[in-house]
Protein chains: 2
Amino acid sequence: MIHVVSTGPGDLNCLSYEAVKAIEEATVVVGYKKYIELIRPMLKDQKVHFNGMKKEVERCRKALQLAKEGERVALVSGGDAGIYGMAGIMHELVLEDGDEVAIQSYPGITAAMAAASELGAPIVHDSVYISLSDLLTDIEVIKKRIHAAGIGDFITCIYNPKSKGRPYYIEMAKEILMEYKSPETAVGLVRNARRDNQEIILTDLKSMCDHTIDMSTVIIVGNKDTFIKKGKMITPRGYDKS
Amino acid sequence: MIHVVSTGPGDLNCLSYEAVKAIEEATVVVGYKKYIELIRPMLKDQKVHFNGMKKEVERCRKALQLAKEGERVALVSGGDAGIYGMAGIMHELVLEDGDEVAIQSYPGITAAMAAASELGAPIVHDSVYISLSDLLTDIEVIKKRIHAAGIGDFITCIYNPKSKGRPYYIEMAKEILMEYKSPETAVGLVRNARRDNQEIILTDLKSMCDHTIDMSTVIIVGNKDTFIKKGKMITPRGYDKS
């Protein structure tokens, strides 16, 4: 059996009870190098298989092979395994293989939610999640979705905003969103949410690219009502407080 | 101090370690009646204050008052407190009150992620979250956002899809999405995700309203690539499996 285990943003206190149990009871833990390092303090006698970025298919094939050999496999995935995580490709490979191996998934806390709880309460209203990585998605599709995020005045959570190979996409995203949203729209940048070196920037749409942004940054662009006050970023939901 | 604690979908195994600790260490627990019942097995000596739906502001005022009296308050919120939850209004009231009381937030597993892990892996690509409740949002804004979800071919997660007061909004949402998405688009309905009486329906966009849908249902409408196979709903992310 393969247990697809969400390990959350990084801080081990964010894992769910069942996720911890699934890792503890596994005979083998499989994952991306960086996520294995984050959960290393939890590991005891489990065998460990890890590899690098862009090796997702290989990693899942290994998990499948080990499960078929009788191992109890925990395939770990940062954040929530079902949000840009390993749950999808693992299910696809098991289906292709003939569906003999069962998968059990354990949801977790995705980066945007960890970031939001550090910023205040920026995502309490309708929201979109867009990854700027074009490794698996055509850039025209990404652009279309950023336009749609603007059209709907959604709170817009941007994953994978910038890498060495595509430093300019975040500028592009900003320009598209500025077609619909005010330049003063509240923006929160959270780097390394719930890890030792967490950094928080509260800014606005026109200035957001003036700050350090990397692959470990989640960007939350507010809707028209979102505000920043006394160090908190908040989207009012419209409750009557009279 | 007020600890805004996300209690996840309902199953106590989904709570994070830090959320459990925050509830255990509280002197008073404040929350919506239904969520208090779900965490009742965890409670020991804590005082408990609960009230009903639409009493969110009152509940937060109570939490604030108790915190100012020196209590260690856990304000519990189902799912993730930052996603249509209590984190927003709590922050707003503390700001208005003069910001003397500190808030600590604990993120959690929102309903869509719990539902997704039960369905397979439907949300591994770009997604939107829309609530159909018009209590706090103008119906025209809701409609605009459903259109935008269609324009962007987002995986579309619908919260609060149907109540007695507005039984037809989900039909309206379906009609709008059908302007952009194929009638055969994969849809998953999960009622009472991760609770005793969980129900899962795999269907398609044209037929989704033929099934039981209520306020405890999360609806996940796929993008153009989402498929249902052998009881699983999966959105491929586009990995090269050759």
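Residues numbered from 1 in each chain as written. Chains lettered and ligands numbered in written order. Predicted model: local features only at pLDDT ≥ 70, side-chain atom pairs only at ≥ 80, totals over all residues. Heavy atoms only, no water.

Some details on the sheet that holds strand β8 (residues 155–159) of chain A
- With mixed pairing, the 10 strands of this open sheet are ordered in space as β10(A)-β9(A)-β11(A)-β8(A)-β7(A)-β7(B)-β8(B)-β11(B)-β9(B)-β10(B). Each edge of the sheet is formed by a strand with only one pairing partner; in this case those strands are β10 (199–204) of chain A together with β10 (199–204) of chain B. Averaged over neighbouring strand pairs, the angle between their axes works out to 15° when direction is ignored.
- Each of β7 (127–131), β8, β9 (186–191), β10 and β11 (217–221) of chain A is contacted by helix α5 (residues 111–119) of chain A, which is oriented at about 65° to β11(A), the strand it contacts most. (Pairing = 2+ DSSP bridges. Helix = DSSP H or I, 4+ residues; strand = E, 2+ residues; numbered from the N terminus. Axes fitted to C-alpha atoms, helices over the stretch in contact; angles between N-to-C directions. Contact = heavy atoms within 4.5 Å.)

Here's the deal with the packing of helix α6 (residues 139–151) of chain B against helix α7 (residues 169–178) of chain B
Residue and element names in this part refer to chain B.
- Running from amino to carboxyl end, α6 crosses α7 at an angle of 35°, the nearest separation of the two axes being 9 Å. Pair α6 / α7 crosses with right-handed handedness. On α7, the residues that touch I139, K143, I146, H147, A149 and G150 of α6 are Y169, M172, A173, I176 and L177.
- A breakdown of the residues in the contact of α6 with α7 according to their chemical character gives 8 nonpolar, 2 polar and 1 charged. (Left-handed = near helix turned anticlockwise from the far one by under 90°. Nonpolar A, V, L, I, M, F, W, Y, C, P; charged D, E, K, R; others polar.)

Description of unusual backbone geometry
Residue and element names in this part refer to chain A.
- Residues other than glycine seldom take positive phi values, yet D153 does so here, at roughly 45°.
- Along the chain, D153 turns up in the loop between α6 (139–151) and β8.
- Judged by relative accessible area, which is 10%, D153 ranks as buried.
- We note that N160 has phi near 45°; this positive angle belongs to a residue other than glycine.
- Within the secondary structure, N160 is located in the loop between β8 and α7 (169–178). (Buried < 20%, exposed > 50% of the residue type's maximum accessible area, 1.4 Å probe, protein only.)

Focus on the interface of chain B and chain A
- Counting residues at the interface gives 68 residues for chain B and 69 residues for chain A.
- A per-residue breakdown of the area chain B buries against chain A is headed by B:Y17, B:Y239 and B:K241, which together make up 12% of the total.
- Our count for the contact surface shared by chain B and chain A stands at 10 salt bridges.
- Note that B:E92 and A:K241 form a salt bridge whose closest N and O atoms lie 2.8 Å from each other. (Buried area = accessible area lost by both parts, 1.4 Å probe. Salt bridge = Lys/Arg side-chain N within 4 Å of Asp/Glu carboxyl O.)

Remarks on the sheet that holds strand β2 (residues 28–32) of chain B
All names here are of chain B.
- Taken together, the 5 strands give an open sheet; going across it, the order is β3-β2-β4-β1-β5, and neighbouring strands pair in parallel fashion. Strands with a single pairing partner mark the edges of an open sheet, and in this sheet they are β3 (47–51) and β5 (103–106). Each strand axis lies, on average, 20° off the axis of its neighbour in the sheet, ignoring direction.
- Lying on the sheet, helix α1 (residues 17–25) is in contact with β1 (2–6), β2, β4 (73–77) and β5; it crosses β1 at an angle near 135°.

Regarding helix α4 (residues 87–97) of chain B
Residues and elements named next belong to chain B.
- Extensive coverage of α4 is indicated by the burial of 9 of its 11 residues.
- When we look at burial in α4, the residues that qualify are A87, G88, I89, M90, H91, E92, L93, V94 and L95.
- Positive phi appears at G98, one or two residues downstream of α4, with a value of about 115°.

Describing the relation of the copies chain B and chain A
- Note on the identical chains: chain B maps onto chain A by a rotation of 180° and an axial translation of 0.0 Å, with an RMSD of 0.0 Å. This pairing of chains is accounted for by a two-fold axis.
- The fraction of interface residues of chain B whose copies in chain A are also interface residues reaches 100%, indicating that both copies meet through the same surface. (Least-squares fit on C-alpha atoms with pLDDT ≥ 70 in both.)

By themselves, these figures tell us nothing about what the structure is for.
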